[in-house]
Amino acid sequence: MNLLRFFWQNHEQIVELTAEHLWLVGISTLLAVLVGIPLGIVSAHWPVWNKPVLGAANIIQTIPSLALFGFLLPVPWLGSRADRLAILALTLYALLPVIRNTYTGIRGVDPAVVEAGRGMGLTDRQLLFQVELPLALSVILSGVRVAVVVSVGLATIAAAIGAGGLGEFIFRGLAMVNNQLILAGAIPAAVLALSADFGLGWLERRLRTP
Amino acid sequence: MKTNASDGPVIEFRDVAYVLPNGQSLLSGLNLEVRRGETLVLLGRSGSGKTTTLKLINRLLTPASGEVLVNGASTAHGDVISLRRSIGYVIQEIGLFPHFTVERNIGLVPQIEGWPAERVHQRVEELLQMVELDSQIATRYPHQLSGGQRQRVGVARALAADPAILLMDEPFGALDAITRDQLQREFLSLQHRLNKTVVFVTHDLREALRLGSRIALMEAGRLVTVLSPAEFLRSKDSLAAAYVHAFGDGLESVANRSDSNRDDFNRGRP
């Protein structure tokens, strides 16, 4: 009951920080999709690029998030605004699932279908946009789903460098040893993650080809 | 693309070899001509180079040496996309696009060639009728069809832009015996009406005898011999004889009699 009252009393700030959180996750996911899908396509079509691209994305994934925020802090244009920095870091983390699933999705398209398309005289571009990407879409989307869920969690850490988001509550609560404050950040974050997971999962099933 | 006199071969292999990137040779010294309106069957075991030969025609593969000519022009020059669109292609796995309806599958090449929608639609109806499928099937997806229906759609799709040449890679291989028999019969009557130049790959002698005007026997990346069905049955060539032996009795009755050797063939009977 106390918790509910606390939530009600602070609902304006909760909504504001949730919106900030969504913005961090949304923009970084969008960037990861814009960069990751083309990289996934390149590594699926030209095997030479497969190892370096996936390797680099893998290495980024292994850097602890707090350390990555720290590394990026001194970079001139980035370091001047915490949200830029947080978005870049989140984008880098989101790249791996997007690239890997794009790669897997395209490589998973039935070779007979691709060969038939090529034999019928589809150009590479037509083959990509009319055959490969549509057939890989549900696999790519499941990569985006993983990226979003991970980003929602990671974005709470962005508050450590002052980028805002629901992490503000959590860090404040930790400092003041106040569980209600921690939950005011953790619960909306969990709800965000679950609804993103559910919504994208539903979309993914709808787009899956029989 | 320049077109030679109509009596020249439609497809010609001139001393063609194909080598895999790892250096393994799949095909060598191939000289072969395919005449207008005939069904040339490439017969051989797996690994004999018959599919490789087929894919060299629409340049899904590029020869390591030698030349492949289609309508008198080397496939090495010119636009590979328009070459492929002028050649119908049917493969064993069919390769229907699972995310397209039957109508979109069949109408894809006309559509990307810029035909108006109404004309594409008409063409699809016409083709469905030609391969003896109900027009209701047009709105279905490939996974909702039976194997035989899928294969008919595959044939209809290959015929969509009315190509003069048709390449068929074991198109009936994965079908049950009854459906295969039916489709072979329909292929013959279709071929009788449309008079396409067909190159047909199979490992089934019975199918080769039944459908082929001529049979090109291949083994280990080489062309062994080219014979009419009737000649094939009487051939002294050891490999041809081995085939006839392996497939057993009753082959005479299936052999394609539309070829010029028919009388010959009858005289040759015991």
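Residues numbered from 1 in each chain as written. Chains lettered and ligands numbered in written order. Predicted model: local features only at pLDDT ≥ 70, side-chain atom pairs only at ≥ 80, totals over all residues. Heavy atoms only, no water.

## Remarks on the overall build of chain A
Turning to step 1, where the next piece is worked out: For chain A, the helix and strand inventory stands at ten helices and zero strands.
Turning to step 2, where the next piece is worked out: With the principal axes as the frame, chain A shows a C-alpha extent of 65 × 40 × 25 Å.
Turning to step 3, where the next piece is worked out: For chain A, the residues scored as buried account for 48% of the 210 residues in total.
Turning to step 4, where the next piece is worked out: In chain A, the proportion of contacts linking residues at least 24 apart, taken out of those at least 6 apart, comes to 74%.
Turning to step 5, where the next piece is worked out: Taken as a whole, chain A presents about 10600 Å² of accessible surface, with 69% of it coming from carbon and sulfur.
Turning to step 6, where the next piece is worked out: Taken together, the 13 basic and 11 acidic charged side chains of chain A have centroids lying 3 Å from each other. (Helix = DSSP H or I, 4+ residues; strand = E, 2+ residues; numbered from the N terminus. Buried < 20%, exposed > 50% of the residue type's maximum accessible area, 1.4 Å probe, protein only. Contact = heavy atoms within 4.5 Å. Areas by Shrake-Rupley, 256 points an atom, 1.4 Å probe, with all protein chains shown as cover. Lys, Arg positive; Asp, Glu negative; His and termini not counted. Charge placed at Lys NZ, Arg CZ, Asp CG, Glu CD.)

## As for the pairing of strand β4 (residues 65–70) of chain B
All names here are of chain B.
Turning to step 1, where the next piece is worked out: Relative to β4, strand β1 (residues 11–19) runs antiparallel, the two being bridged by five bridges. When the sheet's bridge partners are listed, R14 is paired in β4 with E67.
Turning to step 2, where the next piece is worked out: Sheet topology places β4 next to strand β5 (residues 73–74); two bridges connect them, and they run antiparallel. When the bridges of β5 are listed, L69 appears paired with S74.
Turning to step 3, where the next piece is worked out: The antiparallel pairing of β4 with β5 creates a hairpin that spans two residues between the two strands, and N71 there sits at a positive phi of about 50 degrees. (Pairing = 2+ DSSP bridges.)

## Comments concerning the packing of helix α9 (residues 167–176) of chain A against helix α10 (residues 179–207) of chain A
Residue and element names in this part refer to chain A.
Turning to step 1, where the next piece is worked out: It is the contact of α9 with α10, at a shortest axis distance of 7 Å, that shows an interaxial angle of 160 degrees. The angle between α9 and α10 falls in the class roughly antiparallel. When the axes of α9 and α10 are compared, the crossing they make is left-handed. Of the residues in α10, those touching α9 at F169, I170, R172, G173, L174 and M176 are L181, I182, A184, G185 and A186.
Turning to step 2, where the next piece is worked out: When its residues are assigned to classes, the contact of α9 with α10 shows eight nonpolar, two polar and one charged. (Axes fitted to C-alpha atoms, helices over the stretch in contact; angles between N-to-C directions. Parallel < 35°, antiparallel > 145°, perpendicular 65-115°, else oblique. Left-handed = near helix turned anticlockwise from the far one by under 90°. Nonpolar A, V, L, I, M, F, W, Y, C, P; charged D, E, K, R; others polar.)

## Observations regarding the sheet that holds β5(B)
Strand pairs in the sheet, formed through backbone hydrogen bonds, run parallel or antiparallel to each other.
Residues and elements named next belong to chain B.
Turning to step 1, where the next piece is worked out: Spatially, β2-β1-β4-β5 is the arrangement adopted by the four strands of the open sheet, whose pairing is antiparallel. On the outer flanks of this sheet lie β2 (25–34) and β5, each paired with one strand and no other.
Turning to step 2, where the next piece is worked out: Against the sheet, helix α1 (residues 50–57) touches β1, β2 and β4, its axis set at about 120 degrees to β1.

## A short note on the packing of helix α3 (residues 47–62) of chain A against helix α6 (residues 82–107) of chain A
Residues and elements named next belong to chain A.
Turning to step 1, where the next piece is worked out: Put simply, α3 and α6 touch, their axes get as near as 8 Å, and they point 145 degrees apart. At the point where α3 passes α6, the crossing takes the left-handed sense. Between α3, through N50, V53, L54, A57, N58, I60 and Q61, and α6, the contact on the second element is made entirely by L92, Y93, L96, P97, I99, R100 and Y103.

## A look at the pattern of salt bridges
All names here are of chain A.
Turning to step 1, where the next piece is worked out: Taken as a whole, this structure holds 17 salt bridges over all chains when the rule is applied.
Turning to step 2, where the next piece is worked out: Residue D83 is joined to R81 by a salt bridge in which the shortest nitrogen-to-oxygen separation is 2.9 Å.
Turning to step 3, where the next piece is worked out: For R81, a relative accessible area of 42% gives the class partly exposed. (Salt bridge = Lys/Arg side-chain N within 4 Å of Asp/Glu carboxyl O.)

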